[in-house]
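The residues making up each chain are set out below.
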Amino acid sequence: MPTLLADLTTLRLGGPAARVESATTTEQLVDLVRAADATGEPVLLVGGGSNLVVADAGWDGVVILVRTATFDVLGSRDSLIVDAEAGVVWDDLVAHSVRAGWSGLAAMSGIPGLTGATPIQNVGAYGSEVADLIVGLHVLDRSTGEVEKWPPERCGFGFRTSAFKHTDRYVVLRVAFELTTSPVAPPVRYLELARRLGIEPGDTAPSAQVREVVLELRGSKGMLLDPSDHDTWSVGSFFVNPVVPRELVPDGCPNWVVDDQLKLSAAWLIEQAGFHKGYGRGNVTLSTKHTLALTNRGGATTEELLAVARVIRDGVEARFGIRLRPEAHLVGVEL
Ligand SMILES: Cc1cc2nc3c(=O)[nH]c(=O)nc-3n(C[C@H](O)[C@H](O)[C@H](O)COP(=O)(O)OP(=O)(O)OC[C@H]3O[C@@H](n4cnc5c(N)ncnc54)[C@H](O)[C@@H]3O)c2cc1C
């Protein structure tokens, strides 16, 4: 029986893979990718499968599961570098850092997936993003077959994007984060989180408390994986919050300054265009807890999911003239 991508993705969608390999060491990961590239076999890297929308037809090539799992810690008294292999489960790393009294990652608790995928879209939540902490990466450049050491300046990090985002040229092998040695998390900038912690924005709180509150908040929004809860059978936010010039901001739309433009709440745009929580057709609906997550209620197909996504994208564009783009990696399909 071929492996289905549906069994490897949090949306539980996607057809069969022609071949599946698992890499448990970085050397294996490099060798598997190089070998496939030498014969021209298409490669799909899969970490936690939490940002992948794969065609019902599946993947006609090799799926390489990133299952490397170790990290090194290089410390001094006040700060330390955590250098993690790509396959380290992200939230395990965050939990470990909080227990160990390392400050920096707590606000990114509960984000699904693996560490190697975090630089791809500069993962972030509640006012933090990995670009704030990444100090270096090891990357396989598939165009040369060489492993390179990249400084963060080379990564082109932006809001939910990087030099790795719209290309399959690079394989992230290791990611190094600089953390500080302290039980206190960095200042909390995100209003809702600060309010729930009972502090003012810009104040600090213990990392353990930040983690606890973030996990609670995420759980209440269906943003923590739970196999028994269809609201979490998703890729998290399906659409990216659009960044637009000032004159395009609709009246009343929550927005945040990004360089000289404004980032808008995609959830607000979707709501105001008439698509409310739970909206959908058949086996695909918006989450009942979060307007930005498209969910598989069980038995859905990728085509069904995309059909609903198109109705929402077109509805928002007709109402506001703003075109939403998908955040996840679409494989073998287009929106
Ligand atoms: C319930 C839920 C909540 C979420 N909340 C957030 C959130 O708060 N913030 C946020 O930013 N994201 C969020 N996401 C999205 C997702 O969790 C992140 O993008 C995560 O980093 C994806 O990791 P992954 O290992 O699952 O990647 P996968 O889905 O396995 O892969 C994603 C893409 O990266 C590529 N890739 C994977 N590993 C590597 C590698 N080592 N080198 C090169 N390419 C690679 C894959 O080929 C694919 O194109 C959420 C998703 C879900 C389901």
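For the structure itself, consult the block above.
Residues numbered from 1 in each chain as written. Predicted model: local features only at pLDDT ≥ 70, side-chain atom pairs only at ≥ 80, totals over all residues. Heavy atoms only, no water.

Draft legend 1. Expanded view of the environment of Asp-7. Inspection of the secondary structure assignment puts Asp-7 in the segment before strand E1 (17-23). Distance from Asp-7 to Arg-246, taken between C-alpha atoms, is 43 Å for residues 239 residues apart in sequence. (Helix = DSSP H or I, 4+ residues; strand = E, 2+ residues; numbered from the N terminus.)

Draft legend 2. The site of the ligand, seen in detail. Neighbouring the ligand are 33 residues, the closest being Leu-45, Gly-47, Ser-50, Asn-51 and His-329. Taking Leu-45, its main chain carries an N or O atom lying 2.7 Å from an oxygen atom of the ligand. Within the side chain of His-329, a nitrogen or oxygen atom sits 2.3 Å from an oxygen atom of the ligand. Relative to its unbound accessible area of 980 Å², the ligand is 94% covered by the protein chains. Those elements that provide at least two residues to the shell around the ligand are strand E2 (43-46), strand E8 (124-125) and strand E12 (170-181). The dominant element in the shell around the ligand, judged by the number of residues it contributes, is E12, at 3 residues. Looking at the shell around the ligand residue by residue, the classes come out as 17 nonpolar, 14 polar and 2 charged. (Near = heavy atom within 4 Å. Polar contact = N/O pair within 3.5 Å; in protein donor to acceptor, adjacent residues only side chain to side chain. Areas by Shrake-Rupley, 256 points an atom, 1.4 Å probe, with all protein chains shown as cover. Nonpolar A, V, L, I, M, F, W, Y, C, P; charged D, E, K, R; others polar.)

Draft legend 3. How the structure looks around the layout of surface pockets. The space that makes up the second largest pocket amounts to roughly 300 Å³. What lines the second largest pocket is a set of 15 residues, among which Phe-159, Arg-160, Val-240, Asn-241 and Arg-325 lie closest to the centre. For the lining of the second largest pocket, a count of residues per class yields 6 nonpolar, 4 polar and 5 charged. (1 Å grid on protein atoms, 1.4 Å probe; cavity = no way out; pocket = protein on both sides within 12 Å on 5 of 7 lines; lining within 4 Å. Points joined across faces, edges and corners; volume = space filled by probe spheres on them.)

Draft legend 4. Representation of helix H2 (residues 90-100) within the structure. Residues of H2 that are buried: Trp-90, Asp-91, Leu-93, Val-94, Ala-95, Ser-97 and Val-98. Each element contacted by the buried residues of H2 is listed here: strand E5 (71-75), strand E6 (79-85), strand E7 (102-103), E12 and helix H4 (207-220). Where H2 terminates, the next one or two residues include Gly-101, which has phi positive at roughly 80°. (Buried < 20%, exposed > 50% of the residue type's maximum accessible area, 1.4 Å probe, protein only. Contact = heavy atoms within 4.5 Å.)

Draft legend 5. Examining the pattern of salt bridges more closely. Tallied over the entire structure, the rule returns 17 salt bridges. Measuring nitrogen to oxygen at the nearest pair gives 3.5 Å for the salt bridge that ties Glu-216 to Arg-196. Taken together, the positions of Glu-216 in helix H4 and Arg-196 in helix H3 (residues 191-197) put the pair 20 residues apart, joining distant regions of the chain. Given a relative accessible area of 41%, Glu-216 falls into the partly exposed group. The salt bridge involving Arg-310 is made with Glu-303; its shortest N-O contact spans 3.8 Å. One network of salt bridges, in which partners are shared, links Asp-229, Asp-231, Lys-289 and Arg-297. (Salt bridge = Lys/Arg side-chain N within 4 Å of Asp/Glu carboxyl O.)

Draft legend 6. Spotlight on the pairing of E12. Within E12, 9 of the 12 residues are buried, leaving the element largely enclosed by the surrounding structure. Pairing of E6 with E12 involves 7 bridges; the strand directions are antiparallel. Each bridged residue has a counterpart across the sheet, and for Glu-85 the counterpart in E12 is Arg-174. Note: E7 against E12, 2 bridges, orientation antiparallel. By the bridge assignment for E12, Trp-102 is matched with Thr-181. Inspection of the sheet shows strand E10 (residues 134-141) paired to E12 by 7 bridges, in the antiparallel sense. Its bridge partner being in E12, Val-139 is matched across the sheet by Val-172. (Pairing = 2+ DSSP bridges.)

This is a description of form; function is not addressed.
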